[in-house]
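# Structural overview for review
Each chain, written out:
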Amino acid sequence: MKPLQTTQVTGAILVVLPKFIGDAINTLPAIDMLREFYPNNDIYLLARPFMCEIFARNATNKLHVIADKRHDSGDTHSVFAKAKYLKQYQFAMAVLFRGSLSEALLCTFAGIKYILGYRQNGRTPLLSHGLKLNPNHHYLHRYCQLVNDCHGQPFRYYQLPKLSYQATDRVANHQTHTSVAVYFGGKNKGPRHYPNELALQALQLIAKQKEVHFYLLGDPSEKEESQQLASQLVAHDIAVTVLTGTTSLSELVDCIAACQLMISIDSGPMHMAVAVDTPCVAVVGFGTSAWSVVAPKNKQFTALISQSCCLDENEIIKAISPEQITQAALELLS
C-alpha cells in the first residue's frame, strides 16, 4: 500500500465512529492524530444520534459532529439517502473506525475518493487504503494504527483518550463523604451484570470502612434495579442518590468526573471514568469483546477479572467477591 500524502487530501474529512460509546471514546487518540496530519481540514464525526452530544462537547474549531440517523429508531434512512446527504460536504477522505461493509458502501456512494479502513467483511475492493486487522490488537492500537500506517507510520506512540467535562450540581461537594459513582448494569447487560445481592454486600463493606455517598448510574431500563439497590442501602443508613435514567450522556460524564471513585462493570461508563481521570474499579465477567483488547490503559484503574470455570456465562462474574471489590476500591481511594 502506497502511503497517503496529506497534500492529496484537499477537502473535508469524514470519520465514521463505532456503534458503542466505549469504542467511540477509544477513537479519540486516533482523531487527534488526524488533526496533527490535517490541521487546516474540517473533520466531521459521523456518530450514532445518542452519542452526538458527548463528541460535540469535545469538538473544537474545524471538528464537527453529524448524527447518523440511519440508526435513529424514529427515522428510516437508507445508505443511499445518507450518502446523498453526505455528498454536499464534498469529503475528500473517510476513515472507517467501524468494520462493517455498509460504512464502506456509504462512503463509496458519497463519492469519497480516499477511504481508509481494515480489510474485512467483504469491503476490501471499496478501500483506497486498507490494512489487515490483527484482532489481538487493543482497540486504541487498531484505531491509531489505521491512521498512522496509512500515512507512512510517522508516529511511534499514541495518547490516551480524554473527554471534556463540566462542573455539575448533580453530585454534592461533600466535606465529610467520599463520592463514589456505581454502575453494575442491569439484566439487560446479560453476563456483564453484577447481581444486586452481591453489589449490596460490596457497597455495605465499603461504607463500613469509609464515609461514602454512592451515586447509582445507568439508563432508564435499569432504573428499577437501581431503586431496589438504593432502598436496601438506605435501610442500612448508607447515603445514596439514584441518578439512573435521569442524566443525558454528557451529564453522565460530568457526574463521573465529579466523583472520587467509579465502580463499574465492563461498559461505556467505565471508559468515561478513565477518560476523565476518575479512578475506577472494573468488575469483569464475560464481555462482548475479549478483555485484553478493551481494557483501559490507566494507572488509576484496577480490573477484577473473574477466574471462574463455570460454563454458564451469567455465573462467571459472580466469582468476583464483594470483598475483592471492597479491597480494590479502598486501595484506589487511599
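Residues numbered from 1 in each chain as written. Predicted model: local features only at pLDDT ≥ 70, side-chain atom pairs only at ≥ 80, totals over all residues. Heavy atoms only, no water.

Turning our eyes to something else, we now look at helix α2 (residues 28-37). With respect to burial, α2 is a largely interior element, 7 of its 10 residues being buried. Along α2, the residues that are buried comprise Leu 28, Pro 29, Ala 30, Ile 31, Met 33, Leu 34 and Phe 37. (Buried < 20%, exposed > 50% of the residue type's maximum accessible area, 1.4 Å probe, protein only. Helix = DSSP H or I, 4+ residues; strand = E, 2+ residues; numbered from the N terminus.)

To continue, consider unusual backbone geometry. Of note in the backbone geometry, Gln 90 takes a positive phi value of approximately 55° without being a glycine. Along the chain, Gln 90 falls in the loop between α4 (79-87) and β4 (91-96). Backbone geometry places Asp 237, a non-glycine residue, at a positive phi of 55°. Position of Asp 237 relative to the elements: it lies in the loop between α8 (223-235) and β9 (239-242).

Quick look at the pattern of salt bridges now. Per the stated rule, a full pass over the model turns up 4 salt bridges. Where Asp 254 meets Arg 57, a salt bridge forms, and the shortest distance between an N and an O atom there is 2.9 Å. Here the residue Asp 254 occupies a position in helix α9 (residues 249-258), and Arg 57 occupies one in helix α3 (residues 52-58), the gap between them amounting to 197 residues. Among the residues examined, Asp 254 registers a relative accessible area of 6% and is labelled buried. Residues Glu 103 and Arg 98 are paired through a salt bridge, measuring 2.7 Å at the closest nitrogen-oxygen approach. Take Glu 103 and Arg 98: they sit in the same class, and that class is buried. (Salt bridge = Lys/Arg side-chain N within 4 Å of Asp/Glu carboxyl O.)

Overall, parallel pairing links the 6 strands, which are arranged β3-β2-β1-β4-β5-β6 in an open sheet. Each of the sheet's edge strands pairs with one partner strand only, and the pair in question is β3 (63-67) and β6 (129-131). Ignoring which end each strand starts from, the neighbouring axes of this sheet average 15° apart. Relative to β4, strand β1 (residues 12-16) is paired through 5 bridges, and the arrangement is parallel. When the bridges of β4 are listed, Val 16 appears paired with Leu 96. In this fold helix α6 (residues 139-149) packs onto β4, β5 (114-118) and β6, with an angle of close to 140° to the strand it touches most, β5. (Pairing = 2+ DSSP bridges. Axes fitted to C-alpha atoms, helices over the stretch in contact; angles between N-to-C directions. Contact = heavy atoms within 4.5 Å.)

Grouped together as the largest cluster of nonpolar side chains are 96 residues, with contacts concentrated most on Met 93, Phe 97, Phe 184, Tyr 194, Phe 214 and Met 272. In this structure Phe 214 touches Val 180, Val 182, Leu 203, Ile 206, Ala 207, Leu 233, Ile 238, Ala 239, Val 240 and Thr 241, once residues within four positions along its chain are discounted. (Core = buried A, V, L, I, M, F, W, Y, C linked by side-chain atoms within 4.5 Å.)

A separate point is the state of the cysteines. Under the criterion given, the structure shown has 0 disulfides. Between Cys 107, a cysteine without a disulfide, and Cys 150, which holds the nearest cysteine sulfur, the sulfur-to-sulfur distance is 13 Å. A disulfide-free cysteine, Cys 280 has its sulfur positioned 11 Å from the sulfur of Cys 259, the nearest such atom. Owing to a relative accessible area of 0%, Cys 280 belongs among the buried residues under this scheme. (Disulfide = S-S within 2.5 Å.)

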